[in-house]
Amino acid sequence: DQQVKQNSPSLSVQEGRISILNCDYTNSMFDYFLWYKKYPAEGPTFLISISSIKDKNEDGRFTVFLNKSAKHLSLHIVPSQPGDSAVYFCAASALTSGTYKYIFGTGTRLKVLA
Amino acid sequence: NAGVTQTPKFRILKIGQSMTLQCTQDMNHNYMYWYRQDPGMGLKLIYYSVGAGITDKGEVPNGYNVSRSTTEDFPLRLELAAPSQTSVYFCASSLRERVHGYTFGSGTRLTVV
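Fair warning: this is a prediction, and the values are worked out from it, not measured in the lab.

> Give me the overall build of chain A: which residues, what numbers.
Each helix and strand in chain A was counted, giving 0 helices and 11 strands. Each helix (α) and strand (β) of chain A, taken in turn from the N terminus, gives the series β-β-β-β-β-β-β-β-β-β-β. For 114 residues, the compact-globule estimate of 2.2 N^0.38 gives 13 Å, and the C-alpha radius of gyration of chain A, at 14 Å, lies within 12% of that figure. Seen through its C-alpha atoms, chain A measures out along the principal axes to roughly 45 × 30 × 20 Å.

> Would you mind going over the interface of chain A and chain B in detail, with residue names and values included?
Where the parts come together, the accessible area they lose is often given as the size of the interface. Taken together, the contact between chain A and chain B spans 21 residues of the former and 21 residues of the latter. At the boundary of chain A with chain B, total buried surface from both sides reaches about 1,800 Å², with 59% on carbon and sulfur atoms. In terms of surface lost to chain B, no three residues of chain A exceed Tyr 100, Tyr 102 and Phe 104 of chain A, which account for 29% of the buried area on that side. Taken together, the connections running from chain A to chain B amount to 0 salt bridges. Inspection of the region where chain A meets chain B yields 2 residue pairs in polar contact (both at pLDDT 80 or more). For the side of chain A that touches chain B, the elements supplying multiple residues, two or more each, are strand E4 (32-38), strand E9 (86-96) and strand E10 (99-104) of chain A. Across the side of chain A that touches chain B, the residue classes break down as 11 nonpolar, 6 polar and 4 charged.

> So, the state of the cysteines: which residues are in play, and what are the values?
What the rule picks out here adds up to 2 disulfides over all chains. Here Cys 23 of chain A is linked by a disulfide to Cys 90 of chain A, with a sulfur-sulfur distance of 1.9 Å. Here the disulfide of Cys 23 of chain A and Cys 90 of chain A is right-handed, its torsion about the S-S bond being about 65 degrees. Of the two residues, Cys 23 of chain A sits in strand E3 (residues 19-25) while Cys 90 of chain A sits in strand E9, which places them 67 residues apart along the sequence. For Cys 23 of chain A, a relative accessible area of 1% corresponds to the buried category. Each disulfide pairs two cysteine sulfurs, and for Cys 23 of chain B the partner residue is Cys 91 of chain B, the sulfurs being separated by 1.8 Å. Taking the sign of the S-S torsion, about -70 degrees here, the bridge from Cys 23 of chain B to Cys 91 of chain B comes out left-handed. With Cys 23 of chain B in strand E3 (residues 19-25) and Cys 91 of chain B in strand E9 (residues 87-94), this pair connects stretches of sequence that are 68 residues apart. Assessed through its relative accessible area of 0%, Cys 91 of chain B is described here as buried.

> Run through the sheet that holds strand E1 (residues 4-7) of chain B, naming residues and quoting values.
Pairing between the strands of a sheet is mediated by backbone hydrogen bonds and can be parallel or antiparallel. Residue and element names in this part refer to chain B. Sheet architecture is open: 4 strands sit in the order E1-E3-E8-E7, paired in antiparallel fashion. Because the sheet does not close on itself, it has two edges, and the strands there are E1 and strand E7 (64-66). Strand-to-strand, the axes of this sheet are offset by a mean angle of 20 degrees, without reference to chain direction. As judged from the 3 bridges shared by E3 and strand E8 (residues 76-78), these two strands associate in the antiparallel manner. From the neighbouring strand, Thr 20 faces E8, where its bridge partner is Arg 77.

> Lay out the side chain of Thr 63 of chain A with the relevant residues and their values.
Examined against the element boundaries, Thr 63 of chain A turns out to sit in strand E7 (residues 62-67). When near neighbours in sequence (up to four residues on either side) are disregarded, Thr 63 of chain A contacts Ile 48, Lys 56, Asn 57, Glu 58, Ser 74, Leu 75 and His 76 of chain A.

> Describe a nonpolar patch on the surface, and please don't skip the residues or the numbers.
A contiguous nonpolar surface patch, about 220 Å² in accessible area, is contributed by Ile 18, Ile 20 and Val 78 of chain A. Secondary-structure assignment places Ile 18 of chain A in the loop between strand E2 (10-14) and E3.

> Break down the side chain of Gln 6 of chain B for me, with residues and values.
Residues and elements named next belong to chain B. Relative to the helices and strands, Gln 6 is located in strand E1. Taking relative accessible area as the criterion, Gln 6 reaches 3% and is therefore assigned buried. Reaching out from Gln 6, the side chain makes a polar contact with the backbone nitrogen of Cys 91 at a distance of 2.9 Å. Side-chain polar atoms of Gln 6 contact the backbone nitrogen of Gly 107, separated by 3.1 Å.

Definitions and cut-offs
- Residues numbered from 1 in each chain as written.
- Chains lettered and ligands numbered in written order.
- Predicted model: local features only at pLDDT ≥ 70, side-chain atom pairs only at ≥ 80, totals over all residues.
- Heavy atoms only, no water.
- Helix = DSSP H or I, 4+ residues; strand = E, 2+ residues; numbered from the N terminus.
- Rg over C-alpha atoms; globule rule 2.2 N^0.38 Å.
- Contact = heavy atoms within 4.5 Å.
- Buried area = accessible area lost by both parts, 1.4 Å probe.
- Salt bridge = Lys/Arg side-chain N within 4 Å of Asp/Glu carboxyl O.
- Polar contact = N/O pair within 3.5 Å; in protein donor to acceptor, adjacent residues only side chain to side chain.
- Nonpolar A, V, L, I, M, F, W, Y, C, P; charged D, E, K, R; others polar.
- Disulfide = S-S within 2.5 Å.
- Buried < 20%, exposed > 50% of the residue type's maximum accessible area, 1.4 Å probe, protein only.
- Pairing = 2+ DSSP bridges.
- Axes fitted to C-alpha atoms, helices over the stretch in contact; angles between N-to-C directions.
- Patch = residues over 30% accessible without salt bridge, like charges linked within 9 Å, V, L, I, M, F, W, Y side chains within 5 Å.
- Areas by Shrake-Rupley, 256 points an atom, 1.4 Å probe, with all protein chains shown as cover.

Any functional reading would require information that these geometric values do not contain.
This is the structure we're talking about:
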């Protein structure tokens with residue numbers, strides 16, 4: 001049972017345009033969400049987070065939107081740059097057995113075309 | 001500042017062999033985690049630790065063991081390696097339980113033949 005889903009395995013975007021990466025979740029107890037970026041042969045790196053008490057969080061070119069009623073979050077990258085080409089994972093957490101654990105989506109491979 | 005260091009980067013094991021994947025962090029983080037990533041899949045939590053001397057199982061702990069004798073080190077032990085354990089293994093640490101993102105190591109690619 002995949003509680004965190006990234007239904008688009010890949011996405012191609014022209015440099016300078018907006019990239020929108022989507023993530024859906026099924027567990028209404030999730031209340032904190034993260035996005036990670038991963039380059040080949042490297043570990044994931046933390047990008048941006050959002051708490052369920054917010055519906056938007058911005059950090060430079062990256063904005064995460066949360067729609068709790070739809071159990072959906074999205075990552076917007078504006079403008080997209082070739083260096084943004086990577087695999088993006090969303091992750092969600094809830095209190096489970098006394099601790100918070102993150103459930104990761106399967107990732108979306110973003111390719112930004114120059 | 002090294003962050004999270006994992007060794008080895010690559011390893012080929014024969015079925016039934018054992019090995020230890022090493023993980024060290026120099027950020028004085030209390031929380032440490034082991035994840036595995038199979039092709040086309042998200043990261044699955046194997047074990048985690050909330051501090052020295054305290055460990056607990058994640059989603060997929062079978063076939064693995066961990067220890068946390070110091071804040072810095074969190075080794076993952078594979079006993080009796082099986083082909084199903086072929087995967088990329090990531091160690092991560094965090095300062096607080098979830099508010100801060102995790103810092104990941106660069107991974108260990110393990111193949112069991």
